[in-house]
Amino acid sequence: MSDAFDIQIIGGGLAGSEAAWQLAEAGLRVRLSEMRGGGDTTPAHESDRLAEMVCSNSFRSDDAEHNAVGLLHQEMRTLGSLIMRAADASRVPAGSALAVDREGFAAEVTRAVESHPNIAVVRERVDALPDHPTIISTGPLTGSKLAEAIAAETGQGALAFFDAIAPIVHRDSIDMGVAWMAARWDRGSSEGGGKDYINCPMDKDQYHAFVAALNEGEKTEFKDWERDTPYFEGCMPIEVMAERGPETLRYGPMKGVGLDNPRTGRWPYAVVQLRQDNALGTLWNMVGFQTKLKHGEQVRIFRTIPGLENAEFARLGGIHRNSFINSPRLLDGELRLKSKPNIRFAGQITGCEGYVESAAVGILAARFAAAELRGDRLPPPPVETAMGALLGHITGGADAETFQPMNVNFGLMPPLPGRLKKGDRKKAYTDRAREAFGGWLERERAPELA
Ligand SMILES: Cc1cc2nc3c(=O)[nH]c(=O)nc-3n(C[C@H](O)[C@H](O)[C@H](O)COP(=O)(O)OP(=O)(O)OC[C@H]3O[C@@H](n4cnc5c(N)ncnc54)[C@H](O)[C@@H]3O)c2cc1C
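Scope of this entry: the structure provided in the associated data block. (Residues numbered from 1 in each chain as written. Predicted model: local features only at pLDDT ≥ 70, side-chain atom pairs only at ≥ 80, totals over all residues. Heavy atoms only, no water.)

## Some details on the overall build of the protein
Rule in force here: Numbering of helices and strands starts at the N terminus; helices are DSSP runs of H or I of at least 4 residues and strands are runs of E of at least 2. Each radius of gyration is computed over the set of C-alpha atoms, and the globule rule expresses the reference value as 2.2 Å times the number of residues to the power 0.38. In short, Shrake-Rupley with a 1.4 Å probe defines the accessible areas, and a residue's cover is counted only from the protein chains shown.
Across its full length, the protein holds 12 helices and 17 strands. Against the compact-globule benchmark of 22 Å for 450 residues, the protein has a radius of gyration of 22 Å, which places it among compact chains. Dimensions of the protein along its principal axes, counting C-alpha atoms only, are 65 × 50 × 40 Å. Total accessible area on the protein stands at roughly 18600 Å², and carbon and sulfur atoms take up 50% of it.

## Some remarks on the side chain of glutamate 334
Under the convention used in this document: Nitrogen and oxygen atoms within 3.5 Å of one another constitute a polar contact, given that in protein one can donate a hydrogen and the other can accept it, and given that sequence-neighbouring residues count only through two side-chain atoms.
Examined against the element boundaries, glutamate 334 turns out to sit in the loop between helix H9 (327–330) and strand E16 (336–337). Engagement of the side chain of glutamate 334 in a polar contact is seen with the side chain of arginine 377, the distance being 2.7 Å.

## Side note on the pattern of salt bridges
Put simply, the rule reads: What counts as a salt bridge is simple: a side-chain nitrogen of Lys or Arg found within 4 Å of a carboxyl oxygen of Asp or Glu. Here the term buried applies to any residue with accessible area under 20% of the maximum for its type, exposed to any over 50%, and partly exposed to those in between, with areas from a 1.4 Å probe on protein chains only.
Under the definition given, this model contains 28 salt bridges. For glutamate 357, the salt bridge identified is with arginine 60, shortest N-O distance 2.5 Å. Of the two residues, glutamate 357 is situated in helix H10 (residues 355–373) and arginine 60 in strand E3 (residues 58–61); the sequence distance between them amounts to 297 residues. Under the relative-accessibility criterion, glutamate 357 is labelled buried at 0%. As a salt-bridge pair, arginine 250 and glutamate 247 come within 2.7 Å of each other at their nearest N and O atoms. Beyond isolated ion pairs, a larger network of salt bridges with shared partners links Asp332, Glu334, Arg336, Arg344, Glu372 and Arg377.

## Points about the state of the cysteines
The test is simple: For the purposes of this analysis, a disulfide is any pair of cysteine sulfur atoms at a distance within 2.5 Å.
Taken as a whole and judged by the stated rule, the model has 0 disulfides. Note on cysteine 200: no disulfide assigned, nearest cysteine sulfur contributed by cysteine 55 at a separation of 18 Å.

## Section: the nonpolar core
The tendency in soluble globular proteins is for nonpolar side chains to be buried side by side. Just so we agree on the cut-off: Among buried residues, those of type Ala, Val, Leu, Ile, Met, Phe, Trp, Tyr and Cys that are joined through side-chain atoms within 4.5 Å constitute a nonpolar core. Contacts are assigned to residue pairs that have any heavy atoms within 4.5 Å of one another.
Residues Leu23, Phe59 and Phe105 are the most contacted members of the largest nonpolar core, which totals 84 residues. A total of 13 residues in this core trace back to one element, the largest contributor, which is H10. If sequence neighbours within four positions are ignored, phenylalanine 105 has contacts with Leu14, Ala51, Met53, Phe59, Ile83, Ala86, Ala87, Ser90 and Val100. Counting residues in each nonpolar core, the second largest holds 32 residues, with Ile174, Ile198, Cys200 and Leu316 among its members.

## Considering the sheet that holds strand E7 (residues 134–136)
Put simply, the test is: For two strands to pair, DSSP has to find at least two bridges joining them.
Taken in spatial order, the 6 strands line up as E6-E2-E1-E7-E17-E16 in an open sheet, and their pairing is mixed. Every interior strand has two partners, whereas the edge strands, strand E6 (119–122) and E16, have only one. In this sheet, E7 lies alongside strand E1 (residues 7–10) in parallel orientation, the contact comprising 3 bridges. Of the residues in E7, the one forming a bridge with glutamine 8 is threonine 134.

## Some words on the packing of aromatic side chains
Filter applied, for reference: For Phe, Tyr and Trp, rings pair up if their centres lie within 6.5 Å, where Trp contributes its six-membered ring, and each pair is then called stacked (planes under 30 degrees apart), edge-to-face (over 60) or tilted (otherwise).
As enumerated under the stated definition, the model contains 9 aromatic pairs in all. Where phenylalanine 59 meets phenylalanine 105, the ring centres are 5.4 Å apart and the plane angle is 65 degrees; that geometry is what we call edge-to-face. Residue phenylalanine 59 is located in strand E3, and its partner phenylalanine 105 is located in helix H4 (residues 102–114); the two are separated by 46 residues in the primary sequence. For phenylalanine 105, a relative accessible area of 0% translates into the label buried. For the pair phenylalanine 437 and tryptophan 440, a centre-to-centre distance of 5.6 Å together with 45 degrees between the ring planes defines the contact as tilted. In this pair, phenylalanine 437 and tryptophan 440 both sit in helix H12 (residues 422–445), 3 residues apart, roughly one turn of the helix. The residues phenylalanine 437 and tryptophan 440 share a single accessibility class, namely buried.

## Notes on the site of the ligand
We count it as follows: We call a residue near a given molecule or strand whenever any one of its heavy atoms falls within 4 Å of it. Side-chain classes are defined by residue name, with Ala, Val, Leu, Ile, Met, Phe, Trp, Tyr, Cys and Pro counting as nonpolar, Asp, Glu, Lys and Arg as charged, and the others, Gly among them, as polar.
The full set close to the ligand counts 34 residues, and Ala15, Glu34, Arg36, Gln348 and Gly354 are the nearest of them. In the environment of the ligand, an oxygen atom lies 2.8 Å from a nitrogen or oxygen atom belonging to the backbone of tyrosine 355. About the coverage of the ligand: the protein hides 95% of its 970 Å² of free accessible area. Those elements that place two or more of their residues in the shell around the ligand are helix H1 (14–25) and H10. Looking at the shell around the ligand residue by residue, the classes come out as 13 nonpolar, 17 polar and 4 charged.

## What to know about the pairing of strand E12 (residues 270–276)
Taken across its 7 residues, E12 has 7 buried, putting it largely inside the fold. As judged from the 6 bridges shared by strand E11 (residues 197–202) and E12, these two strands associate in the antiparallel manner. If you follow proline 201 over to E12, its bridge partner there is valine 271. As defined by bridge partners, E12 adjoins strand E13 (residues 283–286) across 3 bridges and the pair is classed as antiparallel. Across the sheet, the residue bridging to glutamine 276 is tryptophan 284, located in E13.

Okay, structure coming up:
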């Protein structure tokens, strides 16, 4: 590709890689600027690969009939998503969830993007807002100079808060004489759940001693800018949950209900679950165990978990920054910055949350931009669809005063009329979404009919 381009994308993460792919497939020439590999990095990334997954290896539920993120997967696949294609190709067992071998996944995205004739990947950090068509997808750890430039342009400043990441354990250091394999909540194969999770059981005394150790354990100090920033509820550190009350963890990630321990024939009082993290099955992620305990304390306290007495940790938990803009106030319905409409935003910086949602917003930003560059206009997907619901939340559905990052969920869609049983309701949401998505797709694929 020559140096000329139609649009620049800043940030080659989950959203930027997807957006570059979508635009390139639409025949547009893309300059993808990624600072990793050019002398810069973030506090969380470990490689120079595009679309690196910095924490969990899961794209969450792949159930398109009963789950909003599963529905989002389906919509993305229909739109030719590179992220979903690479995820499907590097899938590891995780019951009804879509979990991937993170290295294989990122390597495939990098290969596909770098070899596309319409994409030039440039390893450079961008510090200012360009005047040509641009998509900014620099994620929760946006370079500080660019963040300052965004704050100066918007006058609002980027909001900041922090998430926490979970430890990863070497499989051969887990005592399977104590732990056992089961489906996530022992749901069995009827819900697509193989025995994919390792379970470490605790009795009552062990559990309460563990909670006390969490409460007493030494935590990483807050930095000044972090002190008053709230947690995202879906990614709350375990020690913060433990502080909320002695039973909180037992009703959250340590719930033992329904999990028959084959050695006792009974449910454990509490349980720690681990999910496979790489294709080889050598690394296992402690599910829901995000933490900001000091590293030495994590090793000491987590080795009190039955089955993990000799655990070797491939990675320990930690805290991180998460920057996002006040999208409901700043962006229009096509993800353009109202004050500077040559700039679009995509990914987690828009205030969606998660790998899948970030990539989905990358698809939308790219398709809106492609239509505009063609001299056309793409109507947004209906709010009954997963993509439309997510977009609606970001660009107007949410209250600008209290805007917080959000995973896709049925609560972002218009309520269904009438009363339905819970199981039927989920199916009714996804049935309605599929129909609405099909109608939108016809319009998207035949713009001349508009
Ligand atoms: C520590 C941590 C743990 C997380 N855990 C999870 C999890 O378990 N599950 C989950 O679904 N989500 C998790 N997230 C959220 C996760 O970041 C997003 O889901 C996803 O990566 C966001 O995609 P993105 O493309 O918006 O940003 P990213 O994937 O972060 O990509 C942004 C890219 O922009 C580049 N960049 C930044 N600034 C510049 C600049 N000025 N110039 C050029 N390039 C730049 C970065 O190097 C990066 O490659 C976590 C985030 C962090 C930070």
